Amino acid sequence: MKFYHKSCPSVETIVRDITWSKVAASSILPAKLLRLHFHDCFVRKEALPNRSLSGYDVIDDIKAKIEEECPGVVSYQFQRPMWQVLTGRKDGRVSLASDIPGNLPPPTADLTSLQQLFASKGLDVMDLVALSGAHTIGVSHCSVIARRLYNFTGKGDADPSLDPDYANKLRGECGSPLNPSTTVDMDPDQSSLSFDSHYFKIVSQNKGLFQSDATLLTNPQSAQMVEMLQHGRLFFVRFAQSMKKMGGIGVLTGDEGEIRKHCRLVNA
Ligand code: HEM
């Protein structure tokens, strides 16, 4: 907050205006941006090429407008609403696709490995559970859940931790044979466009889409958090706290890093 108060006073207005106008034109954009932010925080602090990530064009438009107004002052590493975001961080000088494995959790991850990965980023179990609530919006490709739906143990079966009726419904949506590019809502009963605490309800009903969602019920402590965060207000407060923490992972300041001219490219 206020880091660019003197050097680029219009920066927060530019970010807000461009983001809101893009979101008004595309209701699926918030999910893209939220996931992009998660990946960006976990894998160093750069925009990474990733075939299922989108939303970069919004960041590019914002950066172009800021460079017009305040050339060379603002790095692209900042975002806002719902929680106060510390600004003034720098962009990294390297951007490696090889940083992804081990830094991003797979949808098949169990609680122990999720806990370890989050802990390695300074995030605790409450952060893990609260941030998983981001899956209240957006979609997943059927390819991601194919094994869980059609062939979990190699015998043509579904994952027993997934509600059988719900598995049936998902198989209907994904098709037979499965179309890998088809997508399903992450939070289906409610709208997948509405950011609310409903994700925790579906997880408690064994309808979480990924094993990484279902695994939150496998330990009494995290299961209790799933129960607790079904209360909307509490979820919003906890989510905001954890987003703030996540946004602070590996922040580069001072002489570290650089201010990129173009967000997708390390400066020459
Ligand atoms: C806990 C470990 C997590 C795992 C294993 C995981 C995995 C995934 C996967 C596999 C997808 C579907 C991708 C696709 O098919 O295109 C997805 C979507 C999504 N994830 Fe996560 N995720 C995790 C945590 C998070 C966190 C912490 C956030 C944000 C704070 C987040 C936000 C999202 C959003 C918003 C989508 C929907 C994207 C869209 O609609 O395009 N996820 N996640």
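Definitions and limits used
Numbering of residues starts from 1 in every chain and runs along the sequence as written. Only residues with pLDDT of at least 70 get local features here, since the model is predicted, and only at 80 or more are side-chain atom pairs given and counted; chain-wide, interface and lining totals rely on the full set of residues. No hydrogens and no water enter the side-chain calculation; it runs on all heavy atoms of the structure. UniProt positions are given in the numbering used here, feature names are shortened, and annotations may be inferred rather than shown by experiment. A pair of sulfur atoms, both from cysteines and within 2.5 Å, is called a disulfide here. Strands are runs of DSSP state E lasting at least 2 residues, helices are runs of H or I lasting at least 4, and numbering of each runs from the N terminus. To sort residues, take the accessible area from a 1.4 Å probe on protein chains only and compare it with the maximum for the residue type: under 20% means buried, over 50% means exposed, and anything in between is partly exposed.

- Taking an unreviewed UniProt entry as the reference, the chain is identified by name as peroxidase belonging to Vitis vinifera.
- On record in UniProt, under Catalytic activity (unreviewed entry), the comment for the chain is "2 a phenolic donor + H2O2 = 2 a phenolic radical donor + 2 H2O".
- Listed in UniProt under the heading Function (unreviewed entry), the comment for the chain reads: "Removal of H(2)O(2), oxidation of toxic reductants, biosynthesis and degradation of lignin, suberization, auxin catabolism, response to environmental stresses such as wounding, pathogen attack and oxidative stress. These functions might be dependent on each isozyme/isoform in each plant tissue."

### Side note on the state of the cysteines
Here comes step 1: Applying the stated criterion across every chain yields a total of one disulfide.
Here comes step 2: Covalently, Cys 142 is tied to Cys 174 through a disulfide, its sulfur atoms 2.1 Å apart. Looking down the S-S bond of the Cys 142 and Cys 174 bridge, the torsion is -85°, so its handedness is left-handed. Pair noted here: Cys 142 is in helix H6 (residues 142-150) and Cys 174 is in helix H7 (residues 164-174), with a separation of 32 residues, a long-range link. The residues Cys 142 and Cys 174 share a single accessibility class, namely buried.

### With respect to the UniProt feature "binding site: substrate" (unreviewed entry) in the chain
Here comes step 1: The positions UniProt marks with the feature "binding site: substrate" (unreviewed entry) are Pro 105.
Here comes step 2: Inspection of the secondary structure assignment puts Pro 105 in the loop between helix H3 (56-69) and helix H4 (111-120).

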